[in-house]
Amino acid sequence: MTARILDGIAAAADVKNDLRRRVDDLSREGVVPGLGTILIGDNSASRSYVLGKHRDCAEVGVVSASIELPADSTVDDIEAAVERFNRDPTVTGFIVQLPLPTGIDEQRILEAIDPRKDADGLHPMNLGRLVLGVDRAGVDSPLPCTPVGIVELLTRNGVELEGRRVTVVGRGITVGRPLGLILSQKGIDATVSIAHSRTPDLGEEVRRADIVIAAVGRPHLIRPEWIKPGAAVLDVGVTRVGTTSTGKARLAGDVDPGVAEVAGWLSPNPGGVGPMTRAMLVANVVQMAERSHRSAAGDPHVALR
Ligand SMILES: Nc1nc2c(c(=O)[nH]1)N[C@@H](CN(C=O)c1ccc(C(=O)N[C@@H](CCC(=O)O)C(=O)O)cc1)CN2
């Protein structure tokens, strides 16, 4: 068997086509959604992801602004940048690119973001709403981009989630933890296990899964012999494993390439979950612009707090 490809570039293009129409509708009402990004330090992968986010915004007519700070910035410097975007009316939603330089308290920075402008859905108020399974007055809170991108990639390819066993490998804040909550929500109804670096027999956890999502950053950790034939496998993690002869970074995903011979579906890496993460960020920004426009127009169902 050779796995069918979960093509993130194609699915992200479809998502962006839908978004372009929503952005056009907003612009007819004089509203232009705006993304802000804050990049601290000189991590080349982070820089490339942020550039991709600005490119995606431009493709659909969302404007974007960036703040770049040096690696030796203090918490106060970063909080000042966050405050600038909190107050900037042209920025509908913004993100602080992670990881932050060593020594910076990530939680403190995320908590400084106005939850109404939290385009990553990583503010404790928005994550708390996800845990509780509640919306504000029927208005969805922003959800973290990679988990929602994974759900979209699966559903757009017709991979059923209801009643399926999903093993998520990784318990980080941007992927594993929120993904487990989203997949087990009412309406999606998957049965989820979260495995991690201390799981005693990872192979055993992966073997029972209909869907495996690997987000740990350990090259080729997921072995072909662990995969249930026909399962869907999503490769999220990426690790730099050296440099090519032309000096470019050589990258490896979390999934061994041999998995393609056993799985029913496989997301390439690159070209799978990454483009969907970016598309979902643009979707969050557009949704936030729609919400604040409706609220300003006096829609009683949009109570913003
Ligand atoms: N503030 C955030 N920081 C981080 C997040 C996040 O969701 N919010 N997630 C990851 C990184 N990430 C998003 O920022 C991200 C990772 C990968 C890609 C992507 O498009 N990958 C491409 C390859 C692109 C390239 O090589 O330059 C692909 O997979 O095809 C986008 C976003 C950690 N930080």
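- For the protein chain, the name recorded in an unreviewed UniProt entry is Bifunctional protein FolD, with Agromyces tropicus as its organism.
- Under Pathway (unreviewed entry), UniProt gives the following word-for-word description of the protein chain: "One-carbon metabolism; tetrahydrofolate interconversion."
- What UniProt states about the protein chain under its Sequence similarities (unreviewed entry) heading is, verbatim, "Belongs to the tetrahydrofolate dehydrogenase/cyclohydrolase family."

1. Looking at the pattern of salt bridges
- The final tally for this structure, using the stated rule, is 19 salt bridges.
- Of the charged contacts, one joins D76 and R108 as a salt bridge, the two residues approaching to 3.9 Å between their closest N and O atoms. Residue D76 is found in helix 3 (residues 75–87), and its partner R108 is found in helix 4 (residues 106–112); the two are separated by 32 residues along the sequence.
- Relative accessible area serves as the criterion here: at 54%, D76 is assigned to the exposed category.
- Here R108 falls in the partly exposed class, since its relative accessible area comes to 39%.
- Between E152 and R156 there is a salt bridge whose closest N-O contact spans 2.6 Å.

2. As for the nonpolar core
- If you look at the biggest cluster of nonpolar residues, it comprises 50 residues, and the most contacted ones within it are I150, L154, L183, I211, I213 and L234.
- When residues of this core are assigned to their parent elements, the largest contribution, 11 residues, is made by helix 9 (residues 273–296).
- Split by domain, the residues of this core number at least three in each of domain 1 (22–115) and domain 2 (145–267).
- Once residues lying within four places of it in the same chain are set aside, the contact partners of L234 are L6, I150, L153, L154, I211, V212, I213, A214, V255, S267 and V273.

Definitions and limits used
- Here the residue numbering is sequential within each chain, running from 1 through the sequence in written order.
- Local features in a predicted model are, by the rule used here, given only for residues with pLDDT of at least 70; side-chain atom pairs are given and counted only at 80 or more, and totals for whole chains, interfaces and linings are based on all residues.
- Only heavy atoms go into the side-chain values, all of them from the structure, while hydrogens and water stay out.
- UniProt positions are given in the numbering used here, feature names are shortened, and annotations may be inferred rather than shown by experiment.
- We count a salt bridge whenever a side-chain nitrogen from Lys or Arg sits within 4 Å of a carboxyl oxygen from Asp or Glu.
- Helix and strand labels come from DSSP, where a helix needs a run of H or I of at least four residues and a strand needs a run of E of at least two; each type is numbered from the N terminus.
- Working definition: with a 1.4 Å probe on protein chains only, accessible area under 20% of the residue-type maximum means buried, over 50% means exposed, and in between means partly exposed.
- To qualify as a nonpolar core, a set must consist of buried Ala, Val, Leu, Ile, Met, Phe, Trp, Tyr and Cys residues joined through side-chain atoms within 4.5 Å.
- Domains are outlined according to an automatic or database domain assignment.
- Two residues qualify as a contact provided that any one of their heavy atoms is within 4.5 Å of a heavy atom in the partner residue.

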